[in-house]
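Breakdown of the fold
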Amino acid sequence: KAGVTQTPRYLIKTRGQQVTLSCSPISGHRSVSWYQQTPGQGLQFLFEYFSETQRNKGNFPGRFSGRQFSNSRSEMNVSTLELGDSALYLCASSGDVNEKLFFGSGTQLSVL
Amino acid sequence: GESVGLHLPTLSVQEGDNSIINCAYSNSASDYFIWYKQESGKGPQFIIDIRSNMDKRQGQRVTVLLNKTVKHLSLQIAATQPGDSAVYFCAEKAGTALIFGKGTTLSVSS
């Protein structure tokens, strides 16, 4: 079974731009979560989707948004990029809320 | 808000030793805990999980202990190998979100 796939692997943007990151979960998994990882703040929860519905959201500004498609693939979007948005963005999938999360390798976003 | 934390940011051991990585959590209502391993350039990799109705769970070379009285979680790695060198995170499940600790960097020297 293929693991969680995230694209692109690396991304360089400038302040003020917007970016879209993509995640394909493990086949059969309907829950997709997004996390931001930085050296200072560690791993922080962004949001979680299940069957195209956002079920949970972390404490991030509205510039961070996401969506899930009918095939469970998910995208997250960050608008009006700031330098502080530079981070590793990780996607994780699971079968449902009480099951373990499996992570992708992440998208490393650098904002210049 | 409540968060999961780790006692030590770094741990250095010799190959073949047993390693113990500790974690303290603050949410007494948490009922599911997971340990992850993260190697450089990769996403967190699932190691082992435990639910609050258990005190101990064993996997291959790893054991997780849960002490709900003092809200403490530990990961024991037997016969530590150089390939075990990584950052280890504990996490507690809060609804559909995982709350991660800061991580412990395990360095194994041969």
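See the structure shown above.
A brief look at the structure comes next. (Residues numbered from 1 in each chain as written. Chains lettered and ligands numbered in written order. Predicted model: local features only at pLDDT ≥ 70, side-chain atom pairs only at ≥ 80, totals over all residues. Heavy atoms only, no water.)

Digging into the packing of aromatic side chains
Put simply, the test is: Classification of ring pairs rests on two measures: the distance between centres of Phe, Tyr or Trp rings, Trp counted by its six-membered ring, which must be within 6.5 Å, and the angle between planes, read as stacked under 30 degrees, edge-to-face over 60 and tilted in between. For the purposes of this entry, the term helix denotes a DSSP run of H or I that reaches at least four residues, the term strand denotes a run of E that reaches at least two, and both are numbered from the N terminus. Partly exposed residues are those whose accessible area sits between 20% and 50% of the maximum for their type, while under 20% is buried and over 50% is exposed, using a 1.4 Å probe and protein chains only. A ring is scored as having a charge over it whenever the NZ atom of a lysine or the CZ atom of an arginine sits within 6 Å of its centre and within 35 degrees of its normal.
Scanning the entire structure with this criterion turns up 13 aromatic pairs over all chains. Ring geometry for Phe103 of chain A versus Tyr36 of chain B: centroids 5.3 Å apart, planes at 90 degrees, classification edge-to-face. Of this pair, Phe103 of chain A sits in strand β10 (residues 102-103) while Tyr36 of chain B is found in strand β4 (residues 32-38), placing the two residues in two different chains. The two residues Phe103 of chain A and Tyr36 of chain B agree in class, both being buried. Considering the side-chain rings of Tyr25 of chain B and Phe33 of chain B, the 4.6 Å spacing of their centres and the 50 degrees angle between planes classify their relative orientation as tilted. Phe33 of chain B matches Tyr25 of chain B in its accessibility class, with the two residues each being buried. Each residue in the set Tyr35, Phe45, Phe102 and Phe103 of chain A together with Tyr36, Phe46, Phe89 and Phe100 of chain B is aromatic and connected to the rest through ring pairs, giving one cluster. Sitting above the plane of the Tyr10 of chain A ring, Arg9 of chain A keeps its charged end 5.2 Å from the centroid. Between the NZ or CZ atom of Lys100 of chain A and the centre of the ring of Phe46 of chain B, over which it lies, the distance is 5.0 Å.

Points about the nonpolar core
Condition: Nonpolar cores were defined as sets of buried Ala, Val, Leu, Ile, Met, Phe, Trp, Tyr and Cys residues, with membership established by side-chain atoms within 4.5 Å.
With 21 residues, the main nonpolar core has Trp34, Leu46, Phe64, Met76 and Tyr89 of chain A as its most contacted residues. Contributing elements (two or more residues each) for this core: β3 (19-24), β4 (31-38), β5 (42-50), β8 (74-78), β9 (87-94) and β11 (107-111) of chain A. Among the nonpolar cores identified, the runner-up in size contains 20 residues, and Trp35, Ile48, Leu66 and Ala86 of chain B belong to it.

Concerning the pairing of strand β7 (residues 64-68) of chain A
Selection rule: Note: two strands are recorded as paired if DSSP finds a minimum of 2 bridges between them.
Sheet topology note: the β7 of chain A/β8 of chain A ladder contains five bridges and is antiparallel. Residue pairing for β8 of chain A: Ser65 of chain A is matched across the bridge by Asn77 of chain A.

Topic: the interface of chain B and chain A
Let me state the cut-off plainly: Two residues form a contact once any of their heavy atoms are found within 4.5 Å. Once two parts are brought into contact, the accessible area they lose, counted with a 1.4 Å probe and summed over both, makes up the buried area. Counted as salt bridges are all cases of a side-chain nitrogen of Lys or Arg within 4 Å of a carboxyl oxygen of Asp or Glu. We call two N or O atoms a polar contact when they sit within 3.5 Å, provided that within protein one can donate a hydrogen and the other can accept it, with sequence-adjacent residues counted only if both atoms are side-chain atoms. Just so you know the grouping, Ala, Val, Leu, Ile, Met, Phe, Trp, Tyr, Cys and Pro go in nonpolar, Asp, Glu, Lys and Arg go in charged, and all remaining residues, Gly too, go in polar.
At the junction of the two partners, chain B supplies 20 residues and chain A supplies 22 residues. For the pair chain B and chain A, the two sides together bury roughly 1,600 Å², of which 54% comes from carbon and sulfur. The largest share of the area that chain B buries against chain A comes from Pro44, Thr96 and Phe100 of chain B, three residues that together contribute 31% of it. Summed over the shared surface of chain B and chain A, the number is zero salt bridges. In this assembly, chain B and chain A are joined by five residue pairs in polar contact (both at pLDDT 80 or more). At the level of secondary structure, the elements contributing two or more residues to the side of chain B that touches chain A comprise β4, β5 (45-51), β9 (86-94) and β10 (97-100) of chain B. Among the elements that line the side of chain B that touches chain A, the one with the most residues is β4 of chain B, at four residues. Of the residues that constitute the side of chain B that touches chain A, the class distribution is ten nonpolar, five polar and five charged.

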